[in-house]
Structure formats: structure tokens, C-alpha cells
Amino acid sequence: MMRPVILLVVAMLLAACGARAPLTPPAGARLPVAPHGASTAPSADELLRRDALAAPERSVELRRRSEERQDDPFDLPPE
């Protein structure tokens, strides 16, 4: 009886420990210097933003029926 209650309390504490303030460098540290050729150093938000190649959009289109594959000229048997 007591074990599920303890597990529930621990799960709630772990769920509540997320960041609630914007990220800043620790005391005595600073953000990285500006990249070569850039006039200003990027902000913390710019450093955390991912470009499209780092996080591509996913296609969620499901196949409703089987379809014939097109011939692949590079699908060769091993030599």
C-alpha cells in the first residue's frame, strides 16, 4: 500500500524539477565567442535554436495499401 504512494510522490517530484527560468551561463562563465566572420556573438536563444537540417519535419503519411516498388538501379547483389 505504501510503495505505490512513495512511487507516485517521487514521480511528481521528478516531474516538477523542470527549468522554470530562461537559461543563462553559470556565474563566472560567458557565452561562446562570435563565429569567424560574424559581427556579434549569438545569444543563448540563438544557440539553442535548431535549424531545419538538425530537426527535419517528419512525414506521418501512412500507407493504406501495398504498392509496387520502383526499380532501384543501385540495388545490386553482393560481388
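Just so we're clear, the structure is a prediction, and the values are computed from it rather than from any experiment.

Parameters and conventions
Residues numbered from 1 in each chain as written. Predicted model: local features only at pLDDT ≥ 70, side-chain atom pairs only at ≥ 80, totals over all residues. Heavy atoms only, no water. Helix = DSSP H or I, 4+ residues; strand = E, 2+ residues; numbered from the N terminus. Rg over C-alpha atoms; globule rule 2.2 N^0.38 Å. Buried < 20%, exposed > 50% of the residue type's maximum accessible area, 1.4 Å probe, protein only. Areas by Shrake-Rupley, 256 points an atom, 1.4 Å probe, with all protein chains shown as cover. Lys, Arg positive; Asp, Glu negative; His and termini not counted. Charge placed at Lys NZ, Arg CZ, Asp CG, Glu CD. Expected span 1.5 Å × (residues − 1). Contact = heavy atoms within 4.5 Å. Patch = residues over 30% accessible without salt bridge, like charges linked within 9 Å, V, L, I, M, F, W, Y side chains within 5 Å. Salt bridge = Lys/Arg side-chain N within 4 Å of Asp/Glu carboxyl O.

Counting secondary structure elements, the chain contains two helices and zero strands. Compactness check: the chain gives a C-alpha radius of gyration of 25 Å against a globular reference of 12 Å for 79 residues, more than 25% above the reference. Viewed in the frame of its principal axes, the chain has a C-alpha envelope of about 60 × 60 × 30 Å. When the 79 residues of the chain are sorted by exposure, 1% land in the buried category. Accessible area of the chain: about 8800 Å², with a carbon and sulfur share of 58%. Taken as two groups, the 10 positive and 11 negative side-chain charges of the chain have centres that lie 15 Å from each other.

Now for the environment of Asp51. Relative to the helices and strands, Asp51 is located in the segment after α2 (44-48). Sequence-wise, Asp51 and Met1 are 50 residues apart; in three dimensions their C-alpha atoms are separated by 49 Å.

Here Leu48 shows up in helix α2. Considering only alpha carbons, one finds Leu48 and Pro35, 13 residues apart in sequence, at a separation of 15 Å.

With 14 residues, helix α1 (residues 2-15) should reach 20 Å at 1.5 Å per residue; the first-to-last C-alpha distance of 20 Å fits that figure. Of all 14 residues in α1, zero are buried; the element is thus mostly exposed.

Turning our attention to the environment of Ala41. Relative to the helices and strands, Ala41 is located in the loop between α1 and α2. Taking relative accessible area as the criterion, Ala41 reaches 42% and is therefore assigned partly exposed. Taking the C-alpha atoms as reference, Ala41 lies 47 Å from Pro73; in sequence the two are 32 residues apart. Sequence-distant contacts of Ala41, that is, excluding residues within four places in its chain, are made with Pro32, Val33 and Ala34.

Moving on to a nonpolar patch on the surface. A cluster of nonpolar side chains, contributed by Met2, Val5, Ile6, Val9, Val10, Leu13 and Leu14, occupies part of the molecular surface with about 670 Å² of accessible area. Here Leu13 shows up in helix α1. Of the residues examined, Leu13 reaches a relative accessible area of 59% and is grouped as exposed.

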